[in-house]
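Summary of structural features
Now for the letters of each chain:
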Amino acid sequence: MFSWFTIIDYAGTFAFALSGATVAMRRELDLFGVLVVSFAAATAGGIARDVLIGATPPVALANGHYLLIASAAGIFTFIRADLVEKLSNPVQVFDSVGLGLFAVAGTAKALAAGLTPTSAVLLGILSGIGGGIARDVLTARVPVVLKSDLYASAALVGGAVVAIANVLALPRAPAMFAGAALCFVLRYMAIRYGWHLPVARATSNDPPD
Amino acid sequence: MFSWFTIIDYAGTFAFALSGATVAMRRELDLFGVLVVSFAAATAGGIARDVLIGATPPVALANGHYLLIASAAGIFTFIRADLVEKLSNPVQVFDSVGLGLFAVAGTAKALAAGLTPTSAVLLGILSGIGGGIARDVLTARVPVVLKSDLYASAALVGGAVVAIANVLALPRAPAMFAGAALCFVLRYMAIRYGWHLPVARATSNDPPD
Amino acid sequence: MFSWFTIIDYAGTFAFALSGATVAMRRELDLFGVLVVSFAAATAGGIARDVLIGATPPVALANGHYLLIASAAGIFTFIRADLVEKLSNPVQVFDSVGLGLFAVAGTAKALAAGLTPTSAVLLGILSGIGGGIARDVLTARVPVVLKSDLYASAALVGGAVVAIANVLALPRAPAMFAGAALCFVLRYMAIRYGWHLPVARATSNDPPD
């Protein structure tokens, strides 16, 4: 059955794959490299979550749709990077959409697997930021998800809404929608108005390594 | 039993470990660091594959032979790096051999674990390129397997031969041999004649990050 | 029951999280980024070990204490980085403590899971150095655990003590204490007196990549 959950999941996959492809294009990878980074950005968070809850093979590998969707996003970006880039700061916008969708879906799946609410939120955060971390590690840069204005913390808020609703026995679907929307709004406002958490300031003159 | 499959597997392990050791030497790691990168380059793809299909502990950890083989390659390279380097561009040649061997073996193992042909080819590609990705992530550079001439795509071709033979119920052994050979030839010709997939060109003046 | 094993485990978690937070601070991540790197540095080795032996969900996720401890270390470092930095080279000292504790605990857990002594020592090394690798990969640098004076090799020694005691049917607790102490002393002396393994010297003029 093609439930609304599936649709959200596939939309998030497409959004993250676009983000991965955009970063890979800037690194001047070849076509296949762009597809690998697209697939990793789209699925690494969910794959890590599934491995950690013992749900192997991960759904992103067992179900061929994820590969198709990520590849479509990668090929589209490869051909029409100009179009994808033309939107102002498209990587961040695509990231924000995927972030909210994946954080709530990951939290819900971990709860369904019997994890505690706290652990489920952790796995929700991982589902949300794992793709971005994989994308940035594969392109040899410090993951922006660890520095960006309210990124991982927005995922935390989205996941927490789902976990709290679960504890209170509230219906799951509206909680997921509310969590994803809240996460997206937080992240989007943070980009637009420069909201951010306190940032570490180096206290020594030592170089970073 | 020491089957031909085992021999191929061990030869691929040695080849990838040499490639890992060579890169680690250039980063001026210490002896143990060289051994860790050798082992990671030799086994990370297979370990990731085993974790993803739920076959834990991964064979590369459960079977001590892989550690012995990777360590032998690492120590040999550490002592005689001059010899290993003297061959023209040895990293790429060793990589090409291991790539073909691991891509077909990974695809075959995933098929045996009951995955669909598409997922099995994905895991074959991961088996082939996972070691190179681990090697390059551990030495803080963009994985060459995502930029190099027909690298991951050669693994795809090798794995696809095995998967197609499986779908057509053709015998496995010759399909694996053909797949590995085709992958190696593709990759070797790509190095020699500069064959490559289309490469992304940055479309904006934004810096990569 | 709050056994001495649990106390050692939690102390190691705190030590590694401090090390992760210190590196993250130098990269000027935001508060949440510092917490993520703290948690990764504290738990990545143990999580990888648990995934590899099929013990999912990993204890570091299932048990909320690890998150609390790592977060406490991260927040403390975030607020009082000056204090943490004032100790001479705190990252290395914290690393040394955590290294010994995690190497022996990881080896013991792998032995309990039925792995061979060799594989158990490998997983002990991974438990010890996995957090440091995650910390450094997340901050885009070559893992210091692969270059530092007797780092991974000290973990090997600590794990080997536990594995050998297991083979000889000696009692586990004193072997773990001895292994952790030996690992710490080796590493600490290496820092203090510059002990090190042979270091690779590049034999060509090729750039590292």
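Everything below is about the structure printed above this text.
Attention in this report is confined to the structure presented alongside it. (Residues numbered from 1 in each chain as written. Chains lettered and ligands numbered in written order. Predicted model: local features only at pLDDT ≥ 70, side-chain atom pairs only at ≥ 80, totals over all residues. Heavy atoms only, no water.)

Once that is clear, we can look at helix H7 (residues 117–138) of chain B. All names here are of chain B. Counted at 1.5 Å a residue, the expected span for H7 with its 22 residues is 32 Å, and the 31 Å between its end C-alpha atoms agrees. When the local axis directions of H7 are compared, the greatest deviation, roughly 40 degrees, occurs at isoleucine 129. Most of H7 is tucked away: 19 of the 22 residues are buried. Positioned one or two residues after H7, alanine 140 has a phi angle of 55 degrees, which is positive. (Helix = DSSP H or I, 4+ residues; strand = E, 2+ residues; numbered from the N terminus. Expected span 1.5 Å × (residues − 1). Bend = angle between axes of the 7 residues up to and from the residue. Buried < 20%, exposed > 50% of the residue type's maximum accessible area, 1.4 Å probe, protein only.)

A common way to express how large an interface is: the accessible area buried when the components associate. In this complex, chain B contributes 30 residues to the contact, which on the side of chain C involves 34 residues. Across the chain B to chain C interface the summed buried area is about 2,700 Å²; carbon plus sulfur atoms make up 72%. Where chain B meets chain C, there are zero salt bridges. The tally of links from chain B across to chain C stands at two residue pairs in polar contact (both at pLDDT 80 or more). For the side of chain B that touches chain C, the secondary structure elements donating two or more residues are helix H1 (4–26), helix H2 (31–52), helix H3 (59–62), helix H4 (65–79), helix H5 (81–86) and H7 of chain B. Of the residues belonging to the side of chain B that touches chain C, the class tally is 20 nonpolar, three polar and seven charged. (Contact = heavy atoms within 4.5 Å. Buried area = accessible area lost by both parts, 1.4 Å probe. Salt bridge = Lys/Arg side-chain N within 4 Å of Asp/Glu carboxyl O. Polar contact = N/O pair within 3.5 Å; in protein donor to acceptor, adjacent residues only side chain to side chain. Nonpolar A, V, L, I, M, F, W, Y, C, P; charged D, E, K, R; others polar.)

It is worth spelling out the relation of the copies chain A and chain B at this point. The operation relating chain A to chain B is a screw motion whose rotation component is 120 degrees, with 0.0 Å of axial translation and a residual RMSD of 0.0 Å. Here the transformation between the copies is reduced to the relation of a three-fold axis. Closest to the rotation axis within chain A is the C-alpha of Ala140(A), separated from it by 3.6 Å. (Least-squares fit on C-alpha atoms with pLDDT ≥ 70 in both.)

Counted by the stated rule, this structure contains 15 salt bridges over all chains. Across the pair Lys109(B) and Asp50(B) runs a salt bridge, and its minimum N-O distance is 3.0 Å. Of this pair, Lys109(B) sits in helix H6 (residues 90–112) while Asp50(B) sits in helix H2; the two residues are 59 residues apart in sequence, bridging distant segments of the chain. Among the residues examined, Lys109(B) registers a relative accessible area of 29% and is labelled partly exposed. The partner of Arg135(C) in a salt bridge is Asp136(C), with the nearest N and O atoms 2.8 Å apart. On the accessibility criterion, Arg135(C) (1% relative accessible area) is buried. Residues joined by salt bridges that share partners form a network here, namely Arg49(A), Asp50(A) and Lys109(A).

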